[in-house]
Amino acid sequence: MNDKLGLKEVEQRVFQITFQDGLWDIYLGLLLIIFGLSPLLEYLGFGFSENWILIFSAPVVIAFWATKKFISTPRIGSVKFAPSRKAKLRNVRIIIAFWLIVGIIFFVLTVTKKLSSSGINGFNAPLIAWVVLFLFGFSLGAYYLNFNRLYLYGIFYAIPYPFLMQKHNLLLRNIGYITFFTFGGIMVLIGSILFIRFFRNYSLLKEEQILKRKIR
Amino acid sequence: MTNNRNNQNDDKKKIHPLIEIDQVIHAKARLMIMTYLYVVEGVDFIFLMNMTGLTWGNLSSHLSKLEKAGYIVIEKGFKGKKPYTMIHLSKKGRSAFKEYQKNMKEFFNNLPK
């Protein structure tokens, strides 16, 4: 029993190294800030928030991909996971795909005003969907990826939007913006600390350099 | 003559159960390498260096011993212009590790309490 647990922990440790660079924390934090900033810009009269989300998200996604590929992976090295882990990753992809499809459906229904009237005490369907999807989506992701910070990030994502939906209450709306920026900022801060630590611990060691050492 | 030797080996095993432990795997560094390789499909040299904390020379020499025993397969290749070394357990290595695990477990289970 202990042997099995030991090997399981080793496998988890190998997998968790993927999240030690803090890039996912920074990426998710920046997205949360964008989710708060875009409606604020719309409120201030700078065009539709959906457009701002796309404009801001694109460079963040590109920066995340580039940092992962050119900075993080060459330092950690690469690993091919066992079939059991690959199955877990497939489950995460299915969750993300499901989450995206449901999100798009709700987005379209909201834009076409088909969901705006359905609600309980001012909490309408898109809001409930937002809270449920983020809490469940992030929790399932945390479970399958052994990435425990995602439980907390699910709560961070779920809390601000209900405040933002209170369009006629300026105070609650402002609290919404503040919570978006605060929680996003906390995630970026956690990610930055992890990234600096990762950068110090894992120096760049290319195979070419290793081969040169061997020749000498 | 052969029977005598077999009997001697059996006696040795009874006296010293650790004699059945695979010495190629039993070294601390190689046990670490084998454990990491057992839980994944394959890793590159840099990843293994980071996980084990071994130096290049140390890791290289332990990998050579494991390769010589037929426990691991080392594949060298190029990704574009960059060289890479992929390491994974062979079938023999996987079963040797299971056997090692079983033997160690038996040894500790049979210790008097």
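It should be noted that the structure appears before, not after, this text.
An account of the accompanying structure is given in this report. (Residues numbered from 1 in each chain as written. Chains lettered and ligands numbered in written order. Predicted model: local features only at pLDDT ≥ 70, side-chain atom pairs only at ≥ 80, totals over all residues. Heavy atoms only, no water.)

### Regarding the overall build of chain A
Then, number 1: Each helix and strand in chain A was counted, giving nine helices and three strands.
Then, number 2: Mapped in sequence order, the helices and strands of chain A form the string α-α-α-β-α-β-β-α-α-α-α-α.
Then, number 3: Here chain A holds 216 residues, and 38% of them are scored as buried.
Then, number 4: Accessible surface for chain A amounts to roughly 12,900 Å². Of this, 70% is attributable to carbon and sulfur atoms. (Helix = DSSP H or I, 4+ residues; strand = E, 2+ residues; numbered from the N terminus. Buried < 20%, exposed > 50% of the residue type's maximum accessible area, 1.4 Å probe, protein only. Areas by Shrake-Rupley, 256 points an atom, 1.4 Å probe, with all protein chains shown as cover.)

### Regarding the pattern of salt bridges
Residue and element names in this part refer to chain B.
Then, number 1: Tallying each qualifying case throughout the model produces five salt bridges over all chains.
Then, number 2: Ionic pairing is found between Glu99 and Lys102, a salt bridge with its closest N-O pair at 3.9 Å. Taken as a pair, Glu99 and Lys102 lie in helix α6 (residues 91-109) at a separation of three residues, close to a single helical turn.
Then, number 3: Given the relative accessible area of 44%, Lys102 is considered partly exposed. (Salt bridge = Lys/Arg side-chain N within 4 Å of Asp/Glu carboxyl O.)

### Quick word on the side chain of Thr67 of chain A
All names here are of chain A.
Then, number 1: Summarising the element assignment, Thr67 is placed in helix α3 (residues 49-76).
Then, number 2: The exposure class of Thr67 is buried, given its relative accessible area of 18%.
Then, number 3: Here the side chain of Thr67 touches Ala63 through a polar contact of 2.4 Å, landing on its backbone oxygen. (Polar contact = N/O pair within 3.5 Å; in protein donor to acceptor, adjacent residues only side chain to side chain.)

### What about the interface of chain B and chain A?
Then, number 1: Counting from both sides, the interface comprises 25 residues of chain B and, opposite them, 28 residues of chain A.
Then, number 2: Where chain B abuts chain A, roughly 2,500 Å² becomes buried across the two surfaces, and 64% of that area is made up of carbon and sulfur atoms.
Then, number 3: The closest approach of N and O atoms between Glu41 of chain B and Lys86 of chain A, which form a salt bridge, is 3.0 Å.
Then, number 4: Applying the counting rule to chain B against chain A returns six residue pairs in polar contact (both at pLDDT 80 or more).
Then, number 5: Residue assignment for the side of chain B that touches chain A shows that the elements contributing at least two residues are α3 (28-39), β1 (40-44), α4 (45-52), β3 (82-89) and α6 of chain B.
Then, number 6: Counting residues per element, the side of chain B that touches chain A draws most heavily on α4 of chain B, at six residues.
Then, number 7: Tallied by class, residues from the side of chain B that touches chain A come to 15 nonpolar, five polar and five charged.
Then, number 8: Bridge analysis of strand β1 (residues 79-81) of chain A against β1 of chain B gives three bridges, and the strand direction is antiparallel. Bridge pairing in β1 of chain B places Lys80 of chain A opposite Gly42 of chain B. (Contact = heavy atoms within 4.5 Å. Buried area = accessible area lost by both parts, 1.4 Å probe. Nonpolar A, V, L, I, M, F, W, Y, C, P; charged D, E, K, R; others polar. Pairing = 2+ DSSP bridges.)

### Here we look at helix α2 (residues 23-43) of chain A
Every α-helix winds through 3.6 residues per turn, so residues three or four apart in the chain are directed the same way.
Then, number 1: Its 21 residues place the ends of α2 of chain A 30 Å apart at the C-alpha level, agreeing with the 30 Å of an ideal helix rising 1.5 Å per residue.
Then, number 2: Trailing α2 of chain A by a residue or two, Gly45 of chain A shows a phi angle of about 90°, which is positive. (Expected span 1.5 Å × (residues − 1).)

### Topic: the pairing of β3 of chain B
Residues and elements named next belong to chain B.
Then, number 1: With two bridges connecting them, β1 and β3 associate as antiparallel partners. If you follow Val43 over to β3, its bridge partner there is Ile87.
Then, number 2: Adjacent in sequence and paired antiparallel, strand β2 (residues 72-79) and β3 are bridged by two residues, among which Gly80 carries a positive phi angle near 70°.

### Comments concerning the environment of Lys69 of chain A
All names here are of chain A.
Then, number 1: Along the polypeptide, Lys69 turns up in helix α3.
Then, number 2: Taking the relative accessible area as the measure of exposure, Lys69 reaches 45% and is therefore partly exposed.
Then, number 3: Put simply, Lys69 and Ile196 are 127 residues apart on the chain and 17 Å apart in space, counted from C-alpha to C-alpha.

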